[in-house]
Amino acid sequence: MPNDKRLLPINIQLKNQIHLHFLVFIAGFTAILGELITIEAISLVWYRMIMASVLMFVYIKIRRVNLKINLKSLIRLSIAGVIIALHWITFFGAIDASNISITLAMFSTGAFFASFIEPLIYKRGIIWYEILFGGLVVIGVFIITQSEIKYLTGILLGIVSAFFSSLFAVLNGMFLRQHKASVISYYEFLSGVFFISVYILCFGDGFTKDFFNISPSDFKYLFILASICTAYAFIASVHVMKVISPYTVVLSYNLEPIYGIAMAIILFPEKERMSPNFYYGAIVIISVVIINAVLKHRRKSKRDNS
């Protein structure tokens with residue numbers, strides 16, 4: 001296969017572009033499943049992570065991937081697993097406290113957090129326009145909050161979820177330099193399950209009969225969430241990045257809130273009907289995220305060509 005992805009046949013590029021947008025659609029559909037599943041957020045994430053762990057283990061065995069890592073890497077991946085668990089708990093908690101539209105609009109603020117987390121982790125300077133864009137994101141959130149104050153808890157949970165998501169993404173970028181993506185996810189999922197299990201045993205009602213008494217519809221949606229929206233989506237995204245540039249992948253995933261909000265309006269029109277100010281604020285946030293991705297790509301291209 002050619003090293004330059006631009007030299008690949010058009011039909012291969014088109015096929016993977018369609019596949020990529022299908023994955024973005026799946027990412028947006030995750031919020032829809034969060035609305036459909038009736039169990040509370042902590043239990044939901046426990047089931048998601050334990051199911052995904054089993055599916056990822058099966059994939060690893062089929063592909064004969066080596067699972068051996070050192071203790072230092074295990075500790076780091078375990079910390080990341082706790083972070084992704086907290087991200088998912090606050091994400092689905094935000095949906096419970098508000099609705100899909102609010103949650104996905106707040107989730108878009110993740111790019112704002114990444115602009116400050118990346119310089120700290122990778123020890124680089126903050127780019128001037130990231131500060132400007134950060135201010136615009138805050139304005140977007142303020143516009144939404146002013147008109148949707150009844151959803152304040154959901155807004156706050158959505159913002160916290162975006163922070164955890166950004167922190168997790170930046171850390172995973174470092175881990176990918178040393179380990180296979182499937183190995184990273186497997187240990188992160190397992191550590192997430194362990195973390196939530198300890199919380200349930202120490203601060204919750206424990207693993208009672210009621211905890212495992214879930215309805216057939218919830219089990220069906222949970223399995224779709226763990227298999228298609230987690231294990232498959234992750235493995236497929238790694239495959240797509242072998243053909244499509246990381247920039248295109250990142251830019252496309254910034255469309256996730258648009259896909260998710262559009263689906264929510266179609267499927268839950270009564271609950272997802274928002275005030276005009278919400279859409280003004282959401283447009284500001286999502287536009288800033290996309291423009292930020294474009295400018296970063298141009299900046300990287302100039303640096304690579306210089």
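Residues numbered from 1 in each chain as written. Predicted model: local features only at pLDDT ≥ 70, side-chain atom pairs only at ≥ 80, totals over all residues. Heavy atoms only, no water.

**Regarding the overall build of the protein chain**
Then step 1. When helices and strands are counted, the protein chain shows twelve helices and zero strands.
Then step 2. Its helices and strands in sequence order give the protein chain the pattern α-α-α-α-α-α-α-α-α-α-α-α, from N to C terminus.
Then step 3. Computed over the C-alpha atoms, the radius of gyration of the protein chain is 19 Å, within 12% of the 19 Å expected from 2.2 N^0.38 for a compact globule of 306 residues.
Then step 4. Principal axes of the C-alpha set define a box for the protein chain whose edges measure 65 × 50 × 40 Å.
Then step 5. Of the contacts formed within the protein chain by residues at least 6 apart in sequence, a portion of 88% connects residues at least 24 apart. (Helix = DSSP H or I, 4+ residues; strand = E, 2+ residues; numbered from the N terminus. Rg over C-alpha atoms; globule rule 2.2 N^0.38 Å. Contact = heavy atoms within 4.5 Å.)

**Considering the pattern of salt bridges**
Then step 1. Within this structure, the stated rule accounts for two salt bridges.
Then step 2. Salt-bridge contacts for Glu35 lead to Lys271; the nearest nitrogen and oxygen are separated by 3.0 Å. Placement of the pair is Glu35 in helix α1 (residues 10-36) and Lys271 in the loop between α11 (256-267) and α12 (276-305), with a sequence separation of 236 residues.
Then step 3. Residue classification places Lys271 among the partly exposed residues on the basis of a relative accessible area of 35%.
Then step 4. Residues Arg273 and Glu270 are paired through a salt bridge, measuring 3.5 Å at the closest nitrogen-oxygen approach. (Salt bridge = Lys/Arg side-chain N within 4 Å of Asp/Glu carboxyl O. Buried < 20%, exposed > 50% of the residue type's maximum accessible area, 1.4 Å probe, protein only.)

**Quick notes on the nonpolar core**
Side chains of nonpolar character tend, in soluble globular proteins, to be buried together.
Then step 1. Counting 84 residues, the largest nonpolar core has Met49, Phe92 and Ile196 as the members making the most contacts within it.
Then step 2. If you tally residues by element for this core, the top one is helix α2 (residues 41-63), at eleven residues.
Then step 3. Setting aside residues up to four positions removed in sequence, Phe92 forms contacts with Thr30, Gly34, Ala41, Leu44, Val45, Arg48 and Leu225. (Core = buried A, V, L, I, M, F, W, Y, C linked by side-chain atoms within 4.5 Å.)

**Overview of the side chain of Ser227**
Then step 1. Relative to the assigned elements, Ser227 resides in helix α9 (residues 216-240).
Then step 2. Accessibility expressed as a relative area gives 13% for Ser227, which makes it buried.
Then step 3. In terms of polar contacts, Ser227 uses its side chain to reach the backbone carbonyl oxygen of Phe223, at 2.5 Å.
Then step 4. For Ser227, the contacting residues outside a window of four places in its chain are Leu55 and Tyr232. (Polar contact = N/O pair within 3.5 Å; in protein donor to acceptor, adjacent residues only side chain to side chain.)

**Here's the deal with the layout of surface pockets**
Then step 1. The space that makes up the second largest pocket amounts to roughly 310 Å³.
Then step 2. Looking at the second largest pocket, the residues that line it are Tyr59, Arg63, Val65, Lys180, Ala181, Ser182, Phe234, Ile235, Val238, His239 and Lys242.
Then step 3. Tallying contributions element by element places α9 first for the lining of the second largest pocket, with four residues. (1 Å grid on protein atoms, 1.4 Å probe; cavity = no way out; pocket = protein on both sides within 12 Å on 5 of 7 lines; lining within 4 Å. Points joined across faces, edges and corners; volume = space filled by probe spheres on them.)

**Observations concerning the packing of α2 against helix α8 (residues 181-203)**
Then step 1. Two elements in contact, α2 and α8, have axes separated by 9 Å at closest approach and are oriented at 150 degrees. Where α2 crosses over α8, the two elements pack in a sense that is left-handed. Contact with α2, carried on its side by Ile42, Val45, Trp46, Met49, Ile50, Ala52, Ser53, Met56, Phe57, Tyr59 and Ile60, involves Ser182, Ser185, Tyr186, Glu188, Phe189, Leu190, Gly192, Val193, Ile196, Ser197, Tyr199 and Ile200 of α8 and no other residues of that element.
Then step 2. The residue inventory of the contact of α2 with α8, partitioned by class, reads 17 nonpolar, five polar and one charged. (Axes fitted to C-alpha atoms, helices over the stretch in contact; angles between N-to-C directions. Left-handed = near helix turned anticlockwise from the far one by under 90°. Nonpolar A, V, L, I, M, F, W, Y, C, P; charged D, E, K, R; others polar.)

**Brief notes about a nonpolar patch on the surface**
Then step 1. The grouping of Phe22, Phe25, Ile228 and Tyr232 at the surface amounts to a nonpolar patch, some 340 Å² of accessible area in total.
Then step 2. In this structure, Phe22 sits in helix α1. (Patch = residues over 30% accessible without salt bridge, like charges linked within 9 Å, V, L, I, M, F, W, Y side chains within 5 Å. Areas by Shrake-Rupley, 256 points an atom, 1.4 Å probe, with all protein chains shown as cover.)

**Section: unusual backbone geometry**
Backbone phi values are negative for most residues with the exception of glycine, while trans is the configuration of most peptide bonds.
Then step 1. The backbone of Arg64 sits at a positive phi, close to 55 degrees, despite the residue not being glycine.
Then step 2. Here Arg64 lies in the loop between α2 and α3 (71-97).
Then step 3. Overall, the relative accessible area of 78% leaves Arg64 in the exposed class.

**Brief notes about empty space enclosed by the protein**
Then step 1. Summed over the entire model, instances satisfying the criterion amount to one cavity of 30 Å³ or more.
Then step 2. What the largest cavity holds in volume is close to 50 Å³.
Then step 3. What lines the largest cavity is Ala111, Phe112, Ser115, Glu130, Phe133, Gly134, Val137, Val288, Val289 and Asn292.
Then step 4. Elements that contribute at least two residues to the lining of the largest cavity include exactly α5 (110-122), α6 (128-147) and α12.
Then step 5. With four residues, α6 is the single largest residue contributor to the lining of the largest cavity.

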